[in-house]
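Listed below are the residues making up each chain.
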Amino acid sequence: MTNRPIASLGKVPEITLTFWIIKIAATTLGETGGDAVSMTLGLGYAVSTAIFAALFLVVATAQIRARSFHPALYWLVIVATTTVGTTMADFADRSLGVGYTGGSSILFVLLMACLGTWRLVCGSVSVNRIDSPRQETFYWATILFSNTLGTALGDFLADDGGLGYEGGALVFGAALQVIAALYFFTGISRTLLFWAAFILTRPLGATLGDTLTKPLADGGLNLGRIVSSLVLAVFIAACVWLLPQRAGTHPGEPAAAP
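Residues numbered from 1 in each chain as written. Predicted model: local features only at pLDDT ≥ 70, side-chain atom pairs only at ≥ 80, totals over all residues. Heavy atoms only, no water.

(A) Region of interest: the side chain of T213. Tracing the backbone shows T213 in helix α7 (residues 190–213). When its relative accessible area of 7% is taken as the criterion, T213 is described as buried. Only 3.0 Å separates the side chain of T213 from the backbone oxygen of G209, close enough to count as a polar contact. With residues near it in sequence (within four places) discarded, T213 still touches T32, N222, L223, G224, R225 and S228. (Helix = DSSP H or I, 4+ residues; strand = E, 2+ residues; numbered from the N terminus. Buried < 20%, exposed > 50% of the residue type's maximum accessible area, 1.4 Å probe, protein only. Polar contact = N/O pair within 3.5 Å; in protein donor to acceptor, adjacent residues only side chain to side chain. Contact = heavy atoms within 4.5 Å.)

This is the structure:
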């Protein structure tokens, strides 16, 4: 029996196929849900960002204060980062007029700065070492920036890149397959591959979300933002409820020392 604090047992889920299924669904919900509030309900990007940012702060604070891993709370924070990431990126790209290229560049710099500061302060950016409020704060800040960047990248490739929503989804899906191959067949850092995959799942979700909701004339399926969001929310809730999850580490990578 050890006297190790409960929090040191880990508060993020083991990185399995279940994790990535829910993550992609959550990023897709972030796109449809963010657009539903800002566009369908007509609240605009600034007001929607304020609403989702407040939600993120509330649930992230609850997550950081929790003493153990709670799957429903964890994924609620993930969804909050994807929705606020959607409206925040759209506000920067469209309302501020910096465009998709400018928005993606700014967000990439912010993400790299967050990761660099995290490594400088804590010595590592591995998700195997999320065992203190300080590390978890960096973890969620990084996720917020990565999901916001992912929205901008998805819009950049689909619109400015001329690939359309389905084409963008295929490109990001192929990139994730490359990362999976690197994971299984090379010795490249699992931490590096994790964050690369984590970032790329967001533009994949953004393009999938737009594919579901955009008009047929724009290459979408015109299923409606609110209906699509509700279906995705039910799917995520069912996955969290039915699929086994536990706090853990990267497969093939040793856990942090107690």
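After presenting the structure, the write-up continues.
(B) Summary view of the side chain of T211. Within the secondary structure, T211 is located in helix α7. Among the residues examined, T211 registers a relative accessible area of 10% and is labelled buried. Sequence-distant contacts of T211, that is, excluding residues within four places in its chain, are made with Y165, E166, G220 and L221.

(C) Layout of the pattern of salt bridges. Summed over the entire model, instances satisfying the criterion amount to three salt bridges. E14 is paired through a salt bridge with R246; the nearest N and O atoms lie 3.0 Å apart. Separated by 232 residues along the polypeptide, E14 in the segment before α1 (17–40) and R246 in the segment after α8 (225–242) bring together distant segments of the chain. Exposure remark for R246: the relative accessible area of 57% places this residue in the exposed category. (Salt bridge = Lys/Arg side-chain N within 4 Å of Asp/Glu carboxyl O.)

(D) A look at the nonpolar core. Grouped together as the largest cluster of nonpolar side chains are 54 residues, with contacts concentrated most on Y74, Y139 and W195. Contributions of two or more residues to this core are made by α1, α2 (44–65), α3 (71–95), α4 (99–122), α5 (133–160), α6 (164–185), α7 and α8. Look past the residues within four positions of Y74 in its chain and what remains in contact with it is K11, V12, P13, F19, Q63, F69, Y139 and W140. (Core = buried A, V, L, I, M, F, W, Y, C linked by side-chain atoms within 4.5 Å.)

(E) Representation of the confidence of the model for the protein within the structure. Mean pLDDT over the protein: 84, with 91% of residues reaching 70 or higher. Note that pLDDT drops below 50 for residues 1–8; the model gives that stretch eight contacts with residues more than four away or on any other chain. (pLDDT = per-residue confidence, 0-100.)

(F) Examining the packing of α2 against α3 more closely. Between α2 and α3, whose axes approach to 8 Å, the crossing angle comes to 155°. If you check the angle between α2 and α3, you find them roughly antiparallel. As for the relative orientation of α2 and α3, their crossing is left-handed in sense. For the contact of α2 with α3, the class distribution of residues is 17 nonpolar, seven polar and two charged. (Axes fitted to C-alpha atoms, helices over the stretch in contact; angles between N-to-C directions. Parallel < 35°, antiparallel > 145°, perpendicular 65-115°, else oblique. Left-handed = near helix turned anticlockwise from the far one by under 90°. Nonpolar A, V, L, I, M, F, W, Y, C, P; charged D, E, K, R; others polar.)

(G) Quick look at the packing of aromatic side chains. Applying the stated criterion across every chain yields a total of 16 aromatic pairs. Both rings, one in Y139 and one in W140, keep their centres 5.0 Å apart while their planes meet at 80°; by these two values the pair is edge-to-face. Look at Y139 and you get buried, because its relative accessible area is 1%. Classification of W140 by relative accessible area gives buried; the value is 1%. Here the aromatic rings of Y183 and F184 are separated by 5.1 Å at their centres, their planes lie at 90°, and the arrangement is edge-to-face. Counting every residue linked through ring pairs, the aromatic cluster contains F19, W20, F69, Y74, W75, W118, F138, Y139, W140, F194, W195 and F198. (Phe/Tyr/Trp six-rings, centres within 6.5 Å; stacked < 30°, edge-to-face > 60°.)

(H) Examining α4 more closely. End to end, α4 covers 34 Å across 24 residues, agreeing with the expected 34 Å (1.5 Å per residue, within 8%). All of the buried residues in α4 are Y100, G103, S104, L107, L111, C114, L115 and W118. Count one or two residues on from α4 and you reach G123, which has phi positive near 90°. (Expected span 1.5 Å × (residues − 1).)

(I) Main features of the environment of Y165. The topology assignment puts Y165 in helix α6. Distance from Y165 to L73, taken between C-alpha atoms, is 30 Å for residues 92 residues apart in sequence.

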